[in-house]
Amino acid sequence: MPSHHRRTRTHSSGRIRVVEEETEEDSDLAKKSKIMVFKSMMSSTKLFVLVLLCMQNTMFTVLRRYSQGVLKEIYSKYEVLLVGELIKFVYSAYKISSQLSQGEKAVPKLRYLLKRSSKMAVLACIYGAMNILSFVALRNISAGMFTVFAQLKILTTATCSSVMLNRSYSMTKWRALISLMMGVLLFSEPIWNRDDNSENPEGGNVMLGTAAVLIEVTLSGFASIYFEKVIKTDPEQLGIWERNYQLAFGSIPIYVMFMFWEDGGVAGYFGGWSVVAGILALLGAAGGMLVALSIKHGDSILKTLATTGAIVLSAALDHYLLGGPLTNIMCIAGVIVVISICNYTFDMSPPEAPLQTEPKTDKPDEEIALTKASVKF
């Protein structure tokens, strides 16, 4: 029989006592549960993919800053994204073809996947709508105001995860996400605290711009969880390469449309390209594949943590390599971001158990036992 550790607290009336009881067996089970959670959390594949995603985001950001801020290259960003999707489309098709079973032909398989790509086409349209909403928002509100609202993506992703996937997060995780959002907001202080970024565009409609950016951050959270739900719960259970193939197929016409919409940009269609622009396209394609892998082996929140950590790392590299800003406030905010990521990642709080009241008895000195689970906040 397991030994019991019992503590009692008697009410002043002498009729009600609260009994807080914990057995050694429960303690052992809690420890084993924590160890299992930790092992799952730190599985080598998951950790490797998240680190790769963080590094890819960092390299992409720093290289883009070097390309457009130092070299002053004027290629169209939509052309870079389009080429990235074409690379992803071709490479995914190659991987699918190389993994076919004996006797199965590639062309019918690829054609079948395109016919069944409606769910990924919805996701591609959402990404396209987010691009349009960003454009509308920046035409009507300042870049600083846009940056502040953009940090809400962290919370919208967690909220959509709770609603769409029925996930429950401990109070520790919610606090970590809120402090992460505030840390990123402080880290971007050089953007929203500049005089030239604090004024709204002349003739802009602030209400329209605010509505556009709020819809965009909501769609961002929804898109992340929608992608995760399709990858993990869809009855077809297609692999990562199949989903990337479908998503690239749906994204290509979206970016072609944007490319024609801006009329090729300043340099004209496919003008101003360089080796750096080509590397950015390759990194963009790799990023799309890593996002899918991070969601498959982790979840959308961990993917968000990886990309958020990349913001801090890329800013540090930008400062030391390209002379970008790194103020005292940014350093403090960077520490807040790192601590918040650790608080979320290493939180092993058990779910909160509801209070239970024992039935009333006829004893003269009746006891109402309230069993409390020890919840670590």
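Residues numbered from 1 in each chain as written. Predicted model: local features only at pLDDT ≥ 70, side-chain atom pairs only at ≥ 80, totals over all residues. Heavy atoms only, no water.

## Notes on the pattern of salt bridges
Phase 1 of the analysis: Going through the model one piece at a time under the given rule, you end up with 8 salt bridges.
Phase 2 of the analysis: For the salt bridge of Glu228 with Lys232, the shortest nitrogen-to-oxygen distance reads 3.2 Å. On the criterion of helical spacing, the pair formed by Glu228 and Lys232 is a turn pair, its members being 4 residues apart in helix α11 (residues 206-233).
Phase 3 of the analysis: Overall, the relative accessible area of 0% leaves Glu228 in the buried class.
Phase 4 of the analysis: Taken together, the shared-partner salt bridges connect Lys119, Asp234 and Arg243 into one network. (Salt bridge = Lys/Arg side-chain N within 4 Å of Asp/Glu carboxyl O. Helix = DSSP H or I, 4+ residues; strand = E, 2+ residues; numbered from the N terminus. Buried < 20%, exposed > 50% of the residue type's maximum accessible area, 1.4 Å probe, protein only.)

## Quick notes on the environment of Lys173
Phase 1 of the analysis: By the secondary structure assignment, Lys173 is in helix α8 (residues 171-187).
Phase 2 of the analysis: Exposure remark for Lys173: the relative accessible area of 17% places this residue in the buried category.
Phase 3 of the analysis: Counting along the chain gives 173 residues from Lys173 to Phe346, while the straight-line C-alpha distance between them is 9.5 Å.
Phase 4 of the analysis: In contact with Lys173, other than residues within four places in its own chain, are Tyr344 and Asp347. (Contact = heavy atoms within 4.5 Å.)

## Let's talk about unusual backbone geometry
The phi torsion of most residues other than glycine is negative, and most of the peptide bonds are trans.
Phase 1 of the analysis: Phi is positive for Lys72, which is not a glycine, with a value near 60°.
Phase 2 of the analysis: Positioned with a positive phi, Phe270 is a non-glycine residue whose angle comes to about 55°.
Phase 3 of the analysis: Note that Phe270 resides in the loop between α12 (240-261) and α13 (275-297).

## Quick notes on the packing of α8 against helix α14 (residues 300-322)
Phase 1 of the analysis: Where α8 contacts α14, the two axes come as close as 11 Å, and the packing angle between them is 25°. As the angle between them shows, α8 and α14 are arranged roughly parallel. The two elements α8 and α14 meet at a crossing, and its hand is left-handed. Listed contacts from α14 to Leu177, Leu180, Val184 and Phe187 of α8 are Ile301, Leu305, Thr308, Ile311, Val312 and Ala315. (Axes fitted to C-alpha atoms, helices over the stretch in contact; angles between N-to-C directions. Parallel < 35°, antiparallel > 145°, perpendicular 65-115°, else oblique. Left-handed = near helix turned anticlockwise from the far one by under 90°.)

## What about the packing of helix α2 (residues 44-70) against α13?
Phase 1 of the analysis: Closest axis-to-axis distance for the α2/α13 pair is 9 Å, and the angle between their directions is 155°. Relative to α13, the element α2 lies roughly antiparallel. Of the two elements, α2 crosses α13, and the hand of that crossing is left-handed.
Phase 2 of the analysis: In terms of residue class, the contact of α2 with α13 is made up of 15 nonpolar, 7 polar and 2 charged. (Nonpolar A, V, L, I, M, F, W, Y, C, P; charged D, E, K, R; others polar.)

## Considerations on helix α15 (residues 328-345)
Phase 1 of the analysis: For α15, which comprises 18 residues, the first-to-last C-alpha distance of 26 Å matches the rise-based estimate of 26 Å (1.5 Å per residue) to within 8%.
Phase 2 of the analysis: Residues of α15 that are buried: Met330, Ala333, Gly334, Val337, Ser340, Ile341, Tyr344 and Thr345. Within α15, the buried residues cover an arc of 125° as seen down the axis, which keeps them to one side. Of the exposed residues in α15, those oriented more than 90 degrees away from the buried face are Asn328 and Ile332. (Expected span 1.5 Å × (residues − 1). Arc of directions from axis to C-beta.)

## Let's talk about the confidence of the model for the protein
Low-confidence regions, as indicated by low pLDDT, have predicted coordinates that should not be scrutinised in detail.
Phase 1 of the analysis: On average, residues of the protein score 80 in pLDDT, and 79% of them reach the 70 mark or higher.
Phase 2 of the analysis: Confidence, expressed as mean pLDDT per element, reaches its minimum in the protein at strand β4 (residues 370-371) with 38 and its maximum at helix α3 (residues 77-98) with 93.
Phase 3 of the analysis: Per-residue pLDDT stays below 50 along residues 1-22; that stretch engages in 44 contacts with residues further than four places along the chain or on separate chains.
Phase 4 of the analysis: Confidence drops under pLDDT 50 across residues 351-377; counting only partners more than four residues distant or on other chains, this segment forms 42 contacts. (pLDDT = per-residue confidence, 0-100.)

## So, a nonpolar patch on the surface
Phase 1 of the analysis: On the surface, Leu47, Val51, Met55, Leu313, Leu317, Tyr320 and Leu321 cluster together to form a nonpolar patch covering roughly 660 Å² of accessible area.
Phase 2 of the analysis: Ranked by residues supplied to the nonpolar patch, first place goes to α14 with 4 residues.
Phase 3 of the analysis: With respect to the helices and strands, the residue Leu47 is situated in helix α2.
Phase 4 of the analysis: You can call Leu47 partly exposed: its relative accessible area is 37%. (Patch = residues over 30% accessible without salt bridge, like charges linked within 9 Å, V, L, I, M, F, W, Y side chains within 5 Å. Areas by Shrake-Rupley, 256 points an atom, 1.4 Å probe, with all protein chains shown as cover.)

## A closer look at the packing of aromatic side chains
Phase 1 of the analysis: Inspection of the entire model under this criterion finds 13 aromatic pairs.
Phase 2 of the analysis: Consider the rings of Phe89 and Tyr245, whose centres lie 4.7 Å apart with planes at 15°: the pair is stacked. Residue Phe89 is found in helix α3, and its partner Tyr245 is found in helix α12; the two are separated by 156 residues along the sequence.
Phase 3 of the analysis: Residue Tyr245 is classed as buried on the basis of its relative accessible area, which comes to 4%. (Phe/Tyr/Trp six-rings, centres within 6.5 Å; stacked < 30°, edge-to-face > 60°.)

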